[in-house]
Amino acid sequence: QVQLVESGGGSVQAGGSLRLSCEASGYTFSTYCLGWFRQAPGKEREGVASIDSAGTTLYADSVKGRFTISKDNAKNTLYLEMNSLKPEDTAMYYCAALGRDGSYCYIPRLWYFVYNYWGQGTQVTVSS
């Protein structure tokens, strides 16, 4: 029913760029809050960026100014533009959705435990 599928991960040199995509289906995409999270081996899951139904965004301090979250409601797709990548950005990246049909989410959030639905993840590796 509800499905999120990430793509666009890969290996890049430090200073390079990647664009991640998350295609969604099975729910009213435009009403949900959406987010990108990442997890490196041995570390806890970390909120990277979030966007609410109105387009308001929230970024982790570690990526602010380098990453941009956006969405295309017509395509039911969430994006994460990643620039000036650093080795410490290496992680599995997940997209997630928070909300329910019939309600609008107006507050972007970086707390992973509040999100309802998750994708399978896409690996990003940044070499020095």
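Rules used throughout
- Residues numbered from 1 in each chain as written.
- Predicted model: local features only at pLDDT ≥ 70, side-chain atom pairs only at ≥ 80, totals over all residues.
- Heavy atoms only, no water.
- 1 Å grid on protein atoms, 1.4 Å probe; cavity = no way out; pocket = protein on both sides within 12 Å on 5 of 7 lines; lining within 4 Å.
- Points joined across faces, edges and corners; volume = space filled by probe spheres on them.
- Nonpolar A, V, L, I, M, F, W, Y, C, P; charged D, E, K, R; others polar.
- Pairing = 2+ DSSP bridges.
- Helix = DSSP H or I, 4+ residues; strand = E, 2+ residues; numbered from the N terminus.
- Axes fitted to C-alpha atoms, helices over the stretch in contact; angles between N-to-C directions.
- Buried < 20%, exposed > 50% of the residue type's maximum accessible area, 1.4 Å probe, protein only.
- Contact = heavy atoms within 4.5 Å.

Draft legend 1. Representation of the layout of surface pockets within the structure. As a volume, the largest pocket reaches approximately 160 Å³. In this structure, the largest pocket is lined by Arg38, Gln39, Ala40, Lys43, Glu44, Glu46, Pro87, Glu88, Thr90 and Ala91. Per-class residue counts for the lining of the largest pocket are three nonpolar, two polar and five charged.

Draft legend 2. A look at the sheet that holds strand β8 (residues 77–82). Spatially, β1-β3-β8-β7 is the arrangement adopted by the four strands of the open sheet, whose pairing is antiparallel. The open sheet has two edge strands with one neighbour each: β1 (3–7) and β7 (67–72). Within the sheet, the average angular offset between the axes of one strand and its neighbour, ignoring direction, is 15 degrees. Pairing of β7 with β8, which is carried by six bridges, proceeds in the antiparallel orientation. For Asp72, the partnering residue across the bridge sits in β8 and is Thr77.

Draft legend 3. Broad picture of the side chain of Arg38. Positionally, Arg38 belongs in strand β4 (residues 33–39). Accessibility expressed as a relative area gives 7% for Arg38, which makes it buried. Residues contacting Arg38, with those up to four places away along its chain left out, are Glu44, Arg45, Glu46, Val48, Ser62, Val63, Phe67, Glu88, Asp89, Ala91, Met92 and Tyr93.

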